[in-house]
Amino acid sequence: MSLKAGFRMLRHIQLSKSSSNSIQAVRPMILMPSQQMKFSSQVPEKQTSTDVLHLSKNCIKRLQEISSGSKFLRVQVEGGGCSGFQYKFDLDDQLNDDDRIFEEDGAKVVVDVESLEYIKGSTIDFHQELIRSAFQVVSNPKAEQGCSCGASFSVKL
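Just so we're clear, the structure is a prediction, and the values are computed from it rather than from any experiment.

Undergrad: How would you sum up the overall build of the protein? Please name residues and give values.
TA: The number of helices and strands found in the protein is two helices and 11 strands. Secondary structure elements of the protein, listed N to C terminal, follow the sequence β-β-β-α-β-β-β-β-α-β-β-β-β. Residues counted as buried form 27% of the 157 residues belonging to the protein. Accessible surface, the protein as shown: approximately 11000 Å² in total, 49% of it carbon and sulfur.

Undergrad: Would you mind going over the sheet that holds strand β6 (residues 99-104) in detail, with residue names and values included?
TA: With mixed pairing, six strands are arranged side by side in an open sheet as β6-β7-β4-β5-β11-β10. Sheet topology places β6 and β10 (143-146) at the edges, where each strand pairs with a single neighbour. Here the average twist between neighbouring strands, direction ignored, is 30 degrees. Here eight bridges tie strand β4 (residues 72-79) to strand β5 (residues 85-92), and the two strands are oriented antiparallel to one another. Bridge assignment links Phe72 to a residue of β5, and that residue is Asp92. Those strands touched by helix α1 (residues 57-66) are β4, β5, β6 and β7 (107-112), and its axis lies near 100 degrees from that of β7.

Undergrad: Describe the sheet that holds strand β3 (residues 54-55), and please don't skip the residues or the numbers.
TA: Strand order in the open sheet made by the three strands is β3-β8-β9, with mixed pairing throughout. Each end of this open sheet is capped by a strand with a single partner; those strands are β3 and β9 (133-138). As paired strands, β3 and strand β8 (residues 123-128) are joined by two bridges and run parallel to one another. From the neighbouring strand, His54 faces β8, where its bridge partner is Thr123.

Undergrad: Could you give me a rundown of the environment of Ile101, with the residues and numbers involved?
TA: Tracing the backbone through its elements, the reader meets Ile101 in strand β6. Residues Ile101 and Arg74 lie 27 residues apart in sequence; the distance between their C-alpha atoms is 9.4 Å. Excluding its chain neighbours within four sequence positions, the residues that come into contact with Ile101 are Leu95, Lys108, Val109 and Val110.

Undergrad: Give a detailed account of the nonpolar core, specifying residues and quantitative values.
TA: Val75, Val109, Val111, Ile119 and Ile124 are the most contacted members of the largest nonpolar core, which has 21 residues in total. Dropping the residues within four chain positions of it, Val111 is found in contact with Leu53, Val75, Asp98, Asp99, Arg100, Phe102, Leu116 and Ile119.

Undergrad: With reference to specific residues and values, describe α1.
TA: Every buried residue belonging to α1 is among Cys59, Ile60 and Leu63, and all of these are buried. Looking down the long axis of α1, one finds its buried residues gathered within 95 degrees of arc, a one-sided arrangement. Opposite the buried face of α1, by more than 90 degrees, sit the exposed residues Lys57, Lys61 and Glu65.

Undergrad: So what's going on with unusual backbone geometry? Residues and values would help.
TA: In this structure, Asp105 takes a positive phi of about 50 degrees despite not being glycine. Inspection of the secondary structure assignment puts Asp105 in the loop between β6 and β7. Taking relative accessible area as the criterion, Asp105 reaches 58% and is therefore assigned exposed. A positive phi is found at Ser139, a non-glycine position, where the angle reads about 55 degrees. With respect to the element layout, Ser139 can be found in the loop between β9 and β10.

Conventions and cut-offs
Residues numbered from 1 in each chain as written. Predicted model: local features only at pLDDT ≥ 70, side-chain atom pairs only at ≥ 80, totals over all residues. Heavy atoms only, no water. Helix = DSSP H or I, 4+ residues; strand = E, 2+ residues; numbered from the N terminus. Buried < 20%, exposed > 50% of the residue type's maximum accessible area, 1.4 Å probe, protein only. Areas by Shrake-Rupley, 256 points an atom, 1.4 Å probe, with all protein chains shown as cover. Pairing = 2+ DSSP bridges. Axes fitted to C-alpha atoms, helices over the stretch in contact; angles between N-to-C directions. Contact = heavy atoms within 4.5 Å. Core = buried A, V, L, I, M, F, W, Y, C linked by side-chain atoms within 4.5 Å. Arc of directions from axis to C-beta.

The values are spatial; any link to function lies outside them.
Below, the structure is given as structure tokens:
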């Protein structure tokens, strides 16, 4: 990148809380000369893999089988269950203003913003056993422990 092109590169150091309390990432930011610099104590946000919801292959396959047209899987987190919070799964066709959509290969999962705070970075899976079949939230980085059936969890503090 040359100065002749009129670009300036600034490096922002984003601190994140980790077990080692070390600097985790340096992210370049390219600004056009016409953009005014505004300095603040806030570091620009960076979307990471923990800001999303992952869909397993089994989840995608099952949603493709059972959802038709505008139907999608709605995932919610509610108070209750044997560990404090519980997951709720429904097939729905109505989007709300605070919904976030996660789509892969035509399979849609929708989560409201409040519930997303409790499950972001997780994977939605579909699990089949002899006695039941169900969608499940697995690998939840926000969950400290859960019940044996996987329907409820407690939040890391």
